[in-house]
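These are the residues of each chain, in order.
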Amino acid sequence: QWQWQANPKSTWSFVNGITGKLRLFSDKLPDSARNLWDAPNLLLQKIPTDECVFTTKLNFKPNGKIENERAGLVVMGMSYAGITLRYAKGNTQLVYISCRDAAKGSKENETVICEYKGGAIYLRMKIMSGAKCTFSYSIDGNMYIDVPGVFQAEPGRWTGAKVGLLCSRPTQINDSGFADIDWFRVEK
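Right, let's walk through the structure included here. None of these values were measured; they are calculated from a predicted model.

### Quick look at the packing of aromatic side chains
Inference 1: Tallying each qualifying case throughout the model produces six aromatic pairs.
Inference 2: Between W4 and W12, the aromatic rings sit 5.0 Å apart at their centres with planes inclined by 55 degrees, giving tilted as the arrangement.
Inference 3: Take W12: its relative accessible area is 2%, and that puts it in the buried class.
Inference 4: Look at Y122 and W183: their rings are 5.9 Å apart centre to centre, the planes differ by 50 degrees, and that puts the pair in the tilted class. Taken as a pair, Y122 in strand 11 (residues 121-128) and W183 in strand 16 (residues 178-187) lie far apart in primary sequence, 61 residues in all. Here Y122 and W183 have matching classes, each one buried.

Have a look at this one:
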């Protein structure tokens, strides 16, 4: 069900048997990466049905020394969109990302939604008829706040669109930040 975008490295993730969480360590994007299309460490799964909701509960712990380290939920195809937590200028922000024609090397667009104070956050993506996607987030897991806009999901090169998790950084460092994934659910 889960697939990495490339041959995996053992440094990308760790399953903690004590807490029952998946820890994704941020990994440096390749120097040639123009956007997430070129990121090997995306953990994704195929979309199981035409209409469904993906929700994940995670806790992001950035390194604190790396600008633009991030983690979040993404729908990936020839174009992509997602909702991420990004560390920049001493703060962590919730950011909506999108990239049309990612496979052609287009630049990613970002819209800052709000400041993130730490702790668990719930990220959600709803896929509706016609592969239309909306994103939302919650601090308590009950009340979700919608992110403005609708994204039209597109198939990837060999398969349809995929949904999953990302944890990346633009620079090399030995002590990366990480995201602890408590759970990831797919519901009708």
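### Description of the nonpolar core
Inference 1: Counting residues in each nonpolar core, the largest one holds 33 residues, and the members touching the most others are V75, I83, I121, L123, M125, F135 and V163.
Inference 2: Apart from residues lying up to four places away in sequence, F135 is in contact with L73, V75, A81, G82, I83, Y96, R124, M125, I145, D146 and V147.
Inference 3: The next biggest cluster of nonpolar side chains, apart from the first, holds 15 residues, and it includes L29, A39, M76 and A103.

Rules and cut-offs
Residues numbered from 1 in each chain as written. Predicted model: local features only at pLDDT ≥ 70, side-chain atom pairs only at ≥ 80, totals over all residues. Heavy atoms only, no water. Phe/Tyr/Trp six-rings, centres within 6.5 Å; stacked < 30°, edge-to-face > 60°. Buried < 20%, exposed > 50% of the residue type's maximum accessible area, 1.4 Å probe, protein only. Helix = DSSP H or I, 4+ residues; strand = E, 2+ residues; numbered from the N terminus. Core = buried A, V, L, I, M, F, W, Y, C linked by side-chain atoms within 4.5 Å. Contact = heavy atoms within 4.5 Å.

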